[in-house]
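# Fold and contact review
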Amino acid sequence: MEIVPFPHPALRWKSKPIVAIDERLRTVVREMFDLMYQSRGIGLAANQVALPWRLFVVNVTGEAEEKDQEFVFINPEIVRRRGNVEGEEGCLSIPNLYAKVRRAEQIVVRAFDLTGEEFEMKLDDLPSRVIQHEFDHIDGVMFTDRLSESARREVEPVLAEFEARFRKAQAAGEIPDDEALKRRLKEQEPAAASAGR
Ligand code: ZN
């Protein structure tokens, strides 16, 4: 498992709901947490590891030891958004790029956990921001899509650099072309997986 960089098509994929909480899913979740800690992140969405599943993991402390701060969100919905506030964000898919994003101040999120239990959380501050950021990922939305016009202009050259690097790696055959990557994503969609094998 690895974090795929912008502009990998997985980051533009609208992910499909998970249909089964099984051993494979539990393994993927563990690997996602490990990868997130290694990368010094506080949240990671399945899209970022090229899995088109409505799933993300969060630990706002970023500390692997803080197990009780680990949360898994399966098939999440943001059922309420209140207020709005600007704050700085970064993303493991576009390393070292930070910009201010306007988000709802408080949210209520509903999701399933790894035991299949549904839960609801009311969140403010950093947790609220992280969950809105990760929730965007599973809809194929990047935080850079949500910048003000002037901030967007500032980050444009960095995005262009990422784009150039990715296309170059594709041209060199180090990364499959977009069509092949999209085929792979399609194959990994939950419904297709359960109907297929
Ligand atoms: Zn991100």
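Residues numbered from 1 in each chain as written. Predicted model: local features only at pLDDT ≥ 70, side-chain atom pairs only at ≥ 80, totals over all residues. Heavy atoms only, no water.

## Structural notes on the pairing of strand S5 (residues 99-103)
Test applied: Here the term buried applies to any residue with accessible area under 20% of the maximum for its type, exposed to any over 50%, and partly exposed to those in between, with areas from a 1.4 Å probe on protein chains only. Only DSSP runs of H or I reaching four residues or more are called helices, and only runs of E reaching two or more are called strands; each is numbered from the N terminus. Between any two strands, at least two bridges found by DSSP are needed for them to pair.
Side chains of S5 alternate between two faces, with Ala99, Val101 and Arg103 buried and Lys100 and Arg102 left unburied. Bridge count between strand S4 (residues 85-89) and S5: five bridges; the pairing is antiparallel. Counted as the bridge partner of Glu86 is Arg102 from S5.

## Brief notes about the coordination of the zinc ion
Convention followed: Because water is not among the atoms used, a metal site may look incomplete, as its donors are only the N, O and S atoms within 2.8 Å, or 3.2 Å for Na, K and Ca.
Looking at the zinc ion, one finds its protein donor set to be Cys91 (SG), His133 (NE2) and His137 (NE2), positioned 2.0 to 2.2 Å from the metal centre. The motif formed by the donor residues of the zinc ion, counted along the single chain, is C-x41-H-x3-H. Taken together, the residues His133 and His137, both in helix H2 (residues 125-138) and four residues apart, mark about one turn of the helix.

## Structural notes on the packing of aromatic side chains
Quick reminder of the rule: Stacked, edge-to-face and tilted are the three classes for Phe, Tyr and Trp ring pairs, Trp counted by its six-membered ring, which pair at centre distances within 6.5 Å; planes under 30 degrees apart are stacked, over 60 edge-to-face, the rest tilted.
Following the criterion strictly, the structure yields three aromatic pairs and no others. Ring geometry for Phe33 versus Tyr37: centroids 6.2 Å apart, planes at 20 degrees, classification stacked. You can see Phe33 and its partner Tyr37 sitting in helix H1 (residues 23-38), four residues apart, about one turn around the helix. Of the two residues examined, Phe33 and Tyr37, each falls in the buried class. Ring geometry for Phe56 versus Phe73: centroids 4.9 Å apart, planes at 25 degrees, classification stacked. In this pair, Phe56 sits in strand S2 (residues 55-58) while Phe73 sits in strand S3 (residues 71-82), placing the two residues 17 residues apart along the sequence. Taking relative accessible area as the criterion, Phe73 reaches 1% and is therefore assigned buried. Taken together, the ring pairs connect Phe56, Phe73 and Phe119 into an aromatic cluster.

## A short note on the nonpolar core
General note: in soluble globular proteins, nonpolar side chains tend to be found buried as a group. Keep this limit in mind: The term nonpolar core refers to a set of buried residues drawn from Ala, Val, Leu, Ile, Met, Phe, Trp, Tyr and Cys, joined through side-chain atoms within 4.5 Å. Contacts between residues were defined by any pair of non-hydrogen atoms, one from each residue, lying within 4.5 Å.
Counting 19 residues, the largest nonpolar core has Met32, Leu44, Trp53, Leu55 and Val57 as its most contacted members. Listing elements by their share of this core, those giving two or more residues are H1, S2 and S3. Here this core gets eight residues from one element, more than from any other, and that element is H1. Residues contacting Leu44, with those up to four places away along its chain left out, are Ile3, Met32, Leu35, Met36, Val49, Phe56, Val57, Leu92 and Glu134. Phe119, Leu123, Ile131 and Ile138 belong to the second largest nonpolar core, which has 16 residues in total.

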